[in-house]
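Secondary and tertiary structure notes
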Amino acid sequence: MPPESLPAPRLDWRTKLAHPDAAAPPGFRSLVTPVYRGSTTVFASAAHVHDHWDRRETPYTYGLYGTPTTLELAARIAELEGGGLTFIAPGGQAAIALVDLAVLKAGGHVLIPDCIYGPHREFSDRWLSRWDIRAEYYDPMIGAGIAALLRPQTQLVWCESPGSVTMEVQDVPAIAAAAHAAGVPVALDNTYAAGVFFDAFGHGADIAVQALTKYIGGHSDLLLGSVTVRDEALYRALGDAQQLLGMGVSPDDCSLALRGLQTLGVRLDHLQRSTLEVAQWLQAQPRVARVRHPALPGSPGHEIWKRDFTGSASVFSVEFDAALAQDDLVAFIDRLRLFKIGYSWGGTTSLVVPQFSLHRDLPRAGRNLVRFNIGLERSDDLIEDLRASLARLPG
Ligand SMILES: *Cc1c(COP(=O)(O)O)cnc(C)c1O
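These notes cover the structure that comes with them. (Residues numbered from 1 in each chain as written. Predicted model: local features only at pLDDT ≥ 70, side-chain atom pairs only at ≥ 80, totals over all residues. Heavy atoms only, no water.)

**Some points on the sheet that holds strand β10 (residues 340-341)**
The criterion, for reference: Strand pairing is assigned whenever DSSP identifies at least 2 bridges connecting the two strands. Secondary structure elements follow DSSP: runs of H or I of four or more residues count as helices, runs of E of two or more count as strands, with numbering from the N terminus.
Taken together, the 5 strands give an open sheet; going across it, the order is β8-β9-β12-β11-β10, and neighbouring strands pair in mixed fashion. Strands with a single pairing partner mark the edges of an open sheet, and in this sheet they are β8 (288-292) and β10.

**Considering the sheet that holds strand β5 (residues 186-189)**
The cut-off we apply is this: Only C-alpha atoms enter the line fits that serve as axes; for helices the fit covers just the stretch in contact. Angles between N-to-C directions range over 0 to 180 degrees.
One open sheet accounts for 7 strands, arranged β1-β7-β6-β5-β4-β2-β3; its pairing is mixed. Single-partner strands in this sheet number two, and they are β1 (85-89) and β3 (134-138). Recorded for the sheet is a direction-independent mean angle of 20° between the axes of neighbouring strands. As paired strands, β5 and strand β6 (residues 207-211) are joined by 3 bridges and run parallel to one another. Looking across to β6, one finds that D189 is bridged to V209.

**Here's the deal with the pattern of salt bridges**
Let me state the cut-off plainly: Put simply, a salt bridge is a Lys or Arg side-chain nitrogen that is within 4 Å of an Asp or Glu carboxyl oxygen. When a residue's accessible area, from a 1.4 Å probe over protein chains only, is under 20% of the maximum for its type it is buried; when over 50% it is exposed; and in between it is partly exposed.
If you walk through the whole model with that rule in mind, you get 19 salt bridges. Between E136 and R151 there is a salt bridge, with its nearest N and O atoms 3.1 Å apart. Taken as a pair, E136 in strand β3 and R151 in the loop between β3 and β4 (154-160) lie far apart in primary sequence, 15 residues in all. Overall, R151 belongs to the partly exposed group, its relative accessible area being 33%. We note a salt bridge from E303 to K306, for which the minimum N-O separation is 3.8 Å. Placement of both E303 and K306 in helix α8 (residues 302-308) is noted, with a separation of 3 residues, approximately one turn of the helix. Looking at E303, the relative accessible area reads 54%, which means it is exposed.

**Some details on the packing of aromatic side chains**
Quick note on the threshold: Two rings belonging to Phe, Tyr or Trp (six-membered ring only in the last case) form a pair when the distance between their centres is within 6.5 Å. Interplanar angles under 30 degrees mark stacking, angles over 60 mark edge-to-face geometry, and anything in between is tilted. Comment: the charge-over-ring label is applied if NZ (Lys) or CZ (Arg) is within 6 Å of the ring centre and within 35 degrees of the ring normal.
Going through the model one piece at a time under the given rule, you end up with 11 aromatic pairs. Judged by centre distance (6.1 Å) and plane angle (80°), the rings of W127 and W131 are edge-to-face. Seen in terms of ring centroids, F316 and F372 are 5.7 Å apart; in terms of plane orientation they differ by 20°. Their pairing is stacked. On the criterion of sequence distance, the pair formed by F316 in strand β9 (residues 315-320) and F372 in strand β12 (residues 369-373) is long-range, its members being 56 residues apart. According to the relative accessible area criterion, F316 is buried, its value standing at 0%. Owing to a relative accessible area of 1%, F372 belongs among the buried residues under this scheme. Grouped by ring-pair contacts, the aromatic residues W53, F87 and Y235 constitute a single cluster. The side chain of R55 reaches across the aromatic face of F87, ending 5.3 Å from its centre.

Written as structure tokens, this is what we have:
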């Protein structure tokens, strides 16, 4: 509290622009979290001035660590994932990098499933190596066998389940049990499950990452990521890293993610149903060798999906007949009208992207791999679109 107030001076209109007396009437109550912007956070007194990221001590000291809009999104992701505390990052890839930079140290070793998201692999191979950290890739179906790969230098085990594009469902509880027996934390990229179809912490993960860009955003109009932890030491390491990296996010994007959360339930219910309809239809087509969708029998890790997941999402991959030329598959994709060609997924529009040159150590899928994302269109229309284009493949 200021010890004494000076009498109010008469101010020039220019000064008034920064120090107005006018304001909107108070008392507005809406269902929506306002977009609070701010770099500077005003302190009540000079004695209170300090700069710290830990919202539990002082929620607001500088805009970098979040405004009420950011921290509400963080709290809601933590609640949804049943975690402790969540950090919001500028994207899913930023969230992954944040975890690595917070946890790994020079001379360390990190285990990563061979099915990991492509840019995650690039970061591990090209950047972690700069700091003398070794990334080793393991068979995503390894389960308890991960124990044999753990070394004294191992600092982190990553899981991504199902894996990007090849869709292997991992035995996270078995991997976590082996890692924990060696004192190594487990980070899970839980983007596919939207933080809800797979209980990361209940199944042994210590760090849960999501690209909020996908289902939480839900409309292909923002990039955000999240990192959720329960453990105090991990919380401190992540908060410290986020501050030092200056990894702030826009409250506008957070506001869009909060809007996305309101419809997450109905979108996922719809997407689950219509994606299964399209995937099952594709599975029955003669030019399709195999559909990689965790809820379909025969997809890698399907039994584990049944045991551990409470739902399936909108993204899956199709292995086309190995006899088809890739040019013919390119033409098949180009003929589709409703499926737009592009990266990312989880929005309202169906998407398709060829995956002919997937980087994998282990041969996992045929070379004629195509990834689909189902949107909110009627599944009948999507199937008709696919049927029309498939019919023109050369016989
Ligand atoms: C999309 C994606 C990411 C990266 O998210 P961005 O927000 O695009 O950076 C990370 N992991 C998985 C599994 C993803 O699908």
